[in-house]
Amino acid sequence: GENVEQHPSTLSVQEGDSAVIKCTYSDSASNYFPWYKQELGKGPQLIIDIRSNVGEKKDQRIAVTLNKTAKHFSLHITETQPEDSAVYFCAASKNTGKLIFGQGTTLQVKP
Amino acid sequence: EAQVTQNPRYLITVTGKKLTVTCSQNMNHEYMSWYRQDPGLGLRQIYYSMNVEVTDKGDVPEGYKVSRKEKRNFPLILESPSPNQTSLYFCASSFSGGNTEAFFGQGTRLTVV
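Nothing here was measured: the structure is a model prediction, and the numbers come from that model. (Residues numbered from 1 in each chain as written. Chains lettered and ligands numbered in written order. Predicted model: local features only at pLDDT ≥ 70, side-chain atom pairs only at ≥ 80, totals over all residues. Heavy atoms only, no water.)

### Side note on the interface of chain B and chain A
So, step 1. Taken together, the 24 residues of chain B in the interface contact 20 residues of chain A.
So, step 2. Taking both sides of the interface into account, the surface hidden between chain B and chain A amounts to around 1,700 Å²; carbon and sulfur atoms contribute 51%.
So, step 3. Contact with chain A buries area across many residues of chain B, yet L43, G98 and N99 of chain B alone supply 31% of it, more than any other trio.
So, step 4. Scanning the region where chain B abuts chain A turns up one salt bridge.
So, step 5. With a shortest N-O distance of 2.4 Å, D59 of chain B and K98 of chain A are connected by a salt bridge. (Contact = heavy atoms within 4.5 Å. Buried area = accessible area lost by both parts, 1.4 Å probe. Salt bridge = Lys/Arg side-chain N within 4 Å of Asp/Glu carboxyl O.)

And the structure:
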């Protein structure tokens, strides 16, 4: 069945460094790839998304890249800050189908 | 303010005692879904609804029921909870399914003893 694998499960970086989280998906028909951030005690919140007709998208310090051939997509956070500490989820879907989530990455940014 | 509201936030119950977790959204979204979050497993979909009176199973529907009698409400029902249903539950809504932004509730931490 459809599957999304996310790595790493935990990531610790120093404030100001970059962080990269990677996901692979199994269904080549997937065409929508959102990233969600979950802060402690809260529900996930969309931070950036990309569709299959685009290879890269940026929004200030965060960017997402998509490689459709390899079925990979990645989240890049530059100049990390303590408030970036959270759990991050990637997801994939096709058309109006359901979102398939990755296992999550706990990011810790050390001051 | 656009939001998805779940209640209760925390619940401890005993095996076999029926319970309902409520979910309401104020964005007039057609698509609503329930997820459970377990360590190392991410978010797994339990049930979803594409519109009023239209519901379908997600990936882990066993032991759960849902209903969609009104567009804004999508309650999750556990008829006979068991300890393996101890989890963190999230309700979410979106305009039209998996390819639009999903708005999540604050979560319900359920413990079944």
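### Some words on the environment of D27 of chain A
All names here are of chain A.
So, step 1. With respect to the helices and strands, D27 occurs in the loop between β3 (19-25) and β4 (32-38).
So, step 2. Residue D27 is classed as buried on the basis of its relative accessible area of 17%.
So, step 3. Between the alpha carbons of D27 and K68 there is a distance of 10 Å; along the sequence they are 41 residues apart.
So, step 4. Setting aside residues up to four positions removed in sequence, D27 forms contacts with E2 and K94. (Helix = DSSP H or I, 4+ residues; strand = E, 2+ residues; numbered from the N terminus. Buried < 20%, exposed > 50% of the residue type's maximum accessible area, 1.4 Å probe, protein only.)

### Quick word on the nonpolar core
So, step 1. With 24 residues, the main nonpolar core has W35, F73 and L107 of chain A as its most contacted residues.
So, step 2. Those elements giving two or more residues to this core turn out to be β2 (10-14), β3, β4, β5 (45-51), β7 (62-67), β8 (72-77), β9 (86-92) and β11 (105-110) of chain A.
So, step 3. Setting aside residues no more than four positions away along its own chain, F73 of chain A makes contact with I21, K22, C23, Y25, F33, W35, T65, L66, C90 and A91 of chain A.
So, step 4. L19, V60, L78 and V112 of chain B belong to the second-largest nonpolar core, a separate cluster that totals 19 residues. (Core = buried A, V, L, I, M, F, W, Y, C linked by side-chain atoms within 4.5 Å.)

### So, the sheet that holds β8 of chain A
Residues and elements named next belong to chain A.
So, step 1. If you trace the five strands from one edge of the open sheet to the other, you get β1-β3-β8-β7-β6, paired in antiparallel fashion. Edge positions in the sheet fall to β1 (4-7) and β6 (56-59), since each has one partner strand and no second. Strand-to-strand twist in this sheet, taken as the mean axis angle between neighbours without regard to direction, amounts to 15 degrees.
So, step 2. Where β6 lies against β7, four bridges are found, and the strand directions are antiparallel. (Pairing = 2+ DSSP bridges. Axes fitted to C-alpha atoms, helices over the stretch in contact; angles between N-to-C directions.)

### Points about the sheet that holds strand β3 (residues 19-25) of chain B
So, step 1. Here four strands make up an open sheet; going across it, the order is β1-β3-β8-β7 (chain B) and the pairing antiparallel. In this open sheet, the two strands that pair with only one neighbour each are β1 (4-7) and β7 (65-66) of chain B.

### A word on the state of the cysteines
Residues and elements named next belong to chain A.
So, step 1. The full count for this structure, using the stated rule, is two disulfides over all chains.
So, step 2. Paired by a disulfide, C23 and C90 hold their sulfur atoms 2.0 Å apart. Judged by the sign of its S-S torsion, about -100 degrees, the bond between C23 and C90 is left-handed. Of the two residues, C23 sits in strand β3 while C90 sits in strand β9, which places them 67 residues apart along the sequence. (Disulfide = S-S within 2.5 Å.)

### Things to note about unusual backbone geometry
So, step 1. Omega for the bond connecting H7 of chain A with P8 of chain A falls within 30 degrees of zero, at -5 degrees, which places this linkage in the cis form.
So, step 2. Topologically, P8 of chain A is positioned in the loop between β1 and β2.
So, step 3. For the bond from N7 of chain B to P8 of chain B, the omega torsion is 0 degrees, close enough to zero to count as cis.
So, step 4. For P8 of chain B, the position within the fold is in the loop between β1 and β2 (10-13).

### Some remarks on the pairing of β8 of chain A
Residue and element names in this part refer to chain A.
So, step 1. In this structure, β3 lies alongside β8, joined through six bridges in antiparallel fashion. Considered in β8, the bridge of A19 is made with I77.
So, step 2. In the sheet, β7 pairs with β8 via six bridges, with the strands oriented antiparallel. Each bridged residue has a counterpart across the sheet, and for N67 the counterpart in β8 is H72.
So, step 3. With antiparallel pairing between neighbouring strands as the criterion, β7 and β8 make up a hairpin whose turn holds four residues, including K71 at a positive phi of roughly 60 degrees.

### Observations regarding the pattern of salt bridges
Residue and element names in this part refer to chain A.
So, step 1. In total, this model carries nine salt bridges over all chains according to the counting rule given.
So, step 2. When the shortest N-O distance is used, the salt bridge between K94 and D27 registers 2.7 Å. On the criterion of sequence distance, the pair formed by K94 in the loop between β9 and β10 (100-101) and D27 in the loop between β3 and β4 is long-range, its members being 67 residues apart.
So, step 3. Several salt bridges share partner residues, and in doing so they unite K37, E39 and K42 into one network.

Just distances and angles here, no functional claims.
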